[in-house]
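Residues per chain are reported as follows:
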Amino acid sequence: MLKNRFFWWALTLFGIILIVWLASNNQGYVLIVRSPYRIQISFNFFLVVFVLSVFGLHHLLRFLRFLRHLPAIRKSKKESLRLKAGNTALLEGMHALAEGDFEKAEVSAKLAQELIQNSDLETLIQKLAAEKNKQALLFK
């Protein structure tokens with residue numbers, strides 16, 4: 001990795017030196033003629049303005065694309081947080097079930113079902129309710 005980094009630094013430095021050398025030896029100019037107007041600028045200045053405008057346009061378009069996708073990104077983030085909360089509730093329910101606290105397990109499973117909105121959890125809730133009733137009958 002160190003050799004690769006050194007290569008890119010050396011290539012960049014060489015490119016900068018080459019650009020400075022070419023710019024210092026350039027005596028050209030750009031002439032823009034529009035019917036009543038005539039603009040004459042140095043070729044080096046034209047290149048700098050052209051490159052900066054291309055970079056500026058590129059970043060402006062990326063920013064506009066980001067703004068266009070912002071609602072979808074926000075919705076995806078909310079969905080991700082909701083699923084994470086549902087998974088946490090389901091995990092808490094499993095821990096409560098392993099500890100024998102069936103009421104807490106049932107509440108956590110219902111919360112997880114609301115957050116995840118998955119039909120597979122309905123069977124889990126029914127099994128928890130049946131287990132709760134069975135335990136209630138055993139300890140009466």
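Refer to the preceding data block for the structure.
Remember, predicted model here, so these are calculated numbers, not experimental data. (Residues numbered from 1 in each chain as written. Predicted model: local features only at pLDDT ≥ 70, side-chain atom pairs only at ≥ 80, totals over all residues. Heavy atoms only, no water.)

### Side note on the side chain of S108
Piece 1. The residue S108 is located in helix 3 (residues 102-116) in this model.
Piece 2. Not counting residues up to four positions away in its chain, the partners in contact with S108 are A89, E92 and G93. (Helix = DSSP H or I, 4+ residues; strand = E, 2+ residues; numbered from the N terminus. Contact = heavy atoms within 4.5 Å.)

### Section: a nonpolar patch on the surface
Piece 1. Together, L57, L60, L61, F63, L64, F66, L67, L70 and I73 make up an exposed nonpolar region whose accessible area comes to about 830 Å².
Piece 2. Locating L64 in the fold gives a position in helix 2 (residues 43-99). (Patch = residues over 30% accessible without salt bridge, like charges linked within 9 Å, V, L, I, M, F, W, Y side chains within 5 Å. Areas by Shrake-Rupley, 256 points an atom, 1.4 Å probe, with all protein chains shown as cover. Salt bridge = Lys/Arg side-chain N within 4 Å of Asp/Glu carboxyl O.)

### With respect to the packing of aromatic side chains
Piece 1. For the coordinates displayed, the defined rule picks out two aromatic pairs.
Piece 2. With a centroid separation of 5.3 Å and 70 degrees between ring planes, the pair formed by F7 and W8 is classed as edge-to-face.
Piece 3. F7 gets classed as partly exposed once you look at its relative accessible area, which sits at 45%.
Piece 4. Judged by centre distance (6.2 Å) and plane angle (20 degrees), the ring pair of F46 and F50 falls under stacked. Here F46 and its partner F50 are both found in helix 2, four residues apart, which amounts to about one turn of the helix. (Phe/Tyr/Trp six-rings, centres within 6.5 Å; stacked < 30°, edge-to-face > 60°. Buried < 20%, exposed > 50% of the residue type's maximum accessible area, 1.4 Å probe, protein only.)

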